[in-house]
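In case you want the letters, here they are:
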Amino acid sequence: MSERVYARYWIETAFAPERGAEIMAGEQSTGTFIKVPGETDALREQHAARVEQIRELEPADHPSLPGAAPAKTQPPSYRRAEVMLSWPITNMGPSLPNLLSTVAGNLFELNPFSGLKLLDVTLSPAFLRRYQGPQFGVAGTRRFVGVPDGPLIGTIIKPSVGLTPEATAATVEALVEGGIDFIKDDELQADGPQCPFSKRLKQVMKVINRHADKTGRKPMYAFNVTGEIDDMLRRHDEVVATGGTCIMVSMNSVGLPALVALRRHAQVAIHGHRNGWGIYDRSPAIGMSYIAYQKFWRMAGVDHMHVNGLDNKFCESNASVIASAKECRKPMFAPPLPGCEIMPVFSSGQTAKQAPGTWRALGTTDLIFACGGGIMGHPHGIAAGVRGLRQAWEAAVAGIPLVEFAGSHPELDAALQKFA
């Protein structure tokens with residue numbers, strides 16, 4: 001039997017769910033609205049998508065999205081279900097762009113559906129024979145940074161734009177002297193005239209290399225290389241030449257093929273920023289869940305991916321954040337195949353307060369805990385901000401309430417008062 005890929009969806013339709021699933025399978029494989037010459041029984045047997053499973057859910061009395069076929073029942077009823085489809089790998093080959101076209105192509109605008117969302121996708125091992133997946137992941141990132149255990153305490157350079165290369169380097173110097181593990185460019189800062197990439201890189205790495213020579217420890221800086229493919233490859237090489245250990249890419253901006261090209265070229269960790277992901281997931285009635293979304297990028301080769309953070313400034317629930325983080329650490333393939341696990345990155349309004357909840361929900365410190373204001377806004381300065389975060393995680397892992405631990409740790413105490 002040929003290898004297959006599987007996709008799970010949530011659907012809402014005025015039709016019977018069985019009919020809706022058949023329409024989806026036909027649209028995304030051999031079928032059209034009418035039987036055509038060449039569409040033989042043998043061809044359908046070999047290439048048609050299969051409906052593997054249908055689980056009906058509670059119906060709705062109004063459509064979630066406009067433009068769909070109206071319900072013919074009185075009172076109106078729109079039936080909801082979870083549907084699993086599968087395709088033979090021979091339909092699209094082990095190609096991430098064509099897999100995306102198959103499982104998330106024309107489905108979303110089909111008239112029979114008043115709601116349709118891709119929830120999960122299961123790849124065939126054939127993809128591992130073509131793509132490399134993450135090169136460094138958790139273990140490699142820890143080797144680069146020299147932190148064998150505990151969370152990597154990180155931050156984002158702010159203001160997002162407007163700083164000169166020299167001003168950026170001055171901020172980095174304060175951060176590395178304060179004991180930071182990880183720093184990243186903001187996604188809005190790439191190669192603008194105010195802070196050109198090459199100049200920023202040289203100024204920042206001068207600081208980081210000097211710190212490494214002095215202490216024997218080199219914090220990781222994720223330089224934003226986002227741009228045209230040739231520019232990204234050139235910027236990557238500049239990072240390597242100056243002793244850098246990480247590059248950052250805005251994944252939605254460059255696309256899967258560009259990320260794959262960069263991964264094949266890369267000698268350093270790739271930090272995947274998901275900015276724009278809300279387009280896919282903010283509506284419960286259309287788009288793609290993070291569970292499905294992140295698998296494409298892991299297969300393409302990112303080593304870290306953002307998952308938002310607990311009690312964040314965005315609209316995402318804590319349950320969704322934790323599910324996303326757990327999924328990044330969940331193997332995509334069973335042993336002995338590589339699992340393509342990556343390091344989740346927590347960010348967005350994070351402070352010492354979120355450490356216990358994050359630890360309780362995940363049970364691991366294999367993560368990057370990135371705090372902007374949670375470090376920069378500490379009343380006693382950047383170094384105290386970093387120490388306060390480490391103390392919060394130490395207390396969380398030990399199961400000691402933050403308030404109790406703060407009694408003998410002034411940096412944590414000041415952070416809790418500041419960010420109460």
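Our structure is the block above this text.
Note that the coordinates shown come from a computational prediction; the quantities given were computed from them, not determined experimentally.

About the thresholds
Residues numbered from 1 in each chain as written. Predicted model: local features only at pLDDT ≥ 70, side-chain atom pairs only at ≥ 80, totals over all residues. Heavy atoms only, no water. 1 Å grid on protein atoms, 1.4 Å probe; cavity = no way out; pocket = protein on both sides within 12 Å on 5 of 7 lines; lining within 4 Å. Points joined across faces, edges and corners; volume = space filled by probe spheres on them. Helix = DSSP H or I, 4+ residues; strand = E, 2+ residues; numbered from the N terminus. Nonpolar A, V, L, I, M, F, W, Y, C, P; charged D, E, K, R; others polar. Buried < 20%, exposed > 50% of the residue type's maximum accessible area, 1.4 Å probe, protein only. Core = buried A, V, L, I, M, F, W, Y, C linked by side-chain atoms within 4.5 Å. Contact = heavy atoms within 4.5 Å.

Asks: Help me out: how do you make sense of the layout of surface pockets in this one?
Replies: Taking a probe equal in size to a water molecule and rolling it over the atoms shows the remaining empty space. Approximately 890 Å³ is the volume found for the largest pocket. Elements with a contribution of two residues or more to the lining of the largest pocket: strand S4 (113-122), helix H10 (278-281), helix H11 (290-300), strand S11 (304-308), helix H12 (318-329) and helix H14 (373-376). If one sorts the elements of the lining of the largest pocket by residue count, H12 sits on top with 3 residues. The residue inventory of the lining of the largest pocket, partitioned by class, reads 11 nonpolar, 19 polar and 10 charged.

Asks: Just to check I follow, could you spell out unusual backbone geometry for this structure?
Replies: Of all residues except glycine, most have a negative phi; of all peptide bonds, most are trans. Pro75 follows Gln74 through a cis peptide bond whose omega is -5 degrees. By the element assignment, Pro75 lies in the loop between strand S2 (50-56) and strand S3 (79-88). In this model, Pro335 is joined to Pro336 through a cis peptide bond whose omega is 10 degrees. Phi at Cys340 takes a positive value of approximately 60 degrees, unusual for a residue other than glycine. Residue classification places Cys340 among the buried residues on the basis of a relative accessible area of 6%. For Ser348, which is not glycine, the phi torsion reads 85 degrees and is therefore positive. Tracing the backbone shows Ser348 in the loop between strand S12 (343-346) and helix H13 (355-362).

Asks: When you look at the nonpolar core in this model, what are you seeing that I'm missing?
Replies: Buried together is how nonpolar side chains tend to be arranged in soluble globular proteins. By size, the foremost hydrophobic cluster in this structure holds 104 residues, and its most contacted members are Tyr9, Leu96, Val103 and Met299. The leading source of residues in this core is H11, at 7 residues. Those residues in contact with Tyr9, other than ones at most four positions away along the chain, are Met24, Ala81, Glu82, Val83, Leu85, Trp87, Val103, Leu107, Leu116, Lys117, Leu118 and Leu119. If you look at the next biggest cluster of nonpolar residues, it comprises 14 residues, including Val138, Val147, Ala222 and Ala269.

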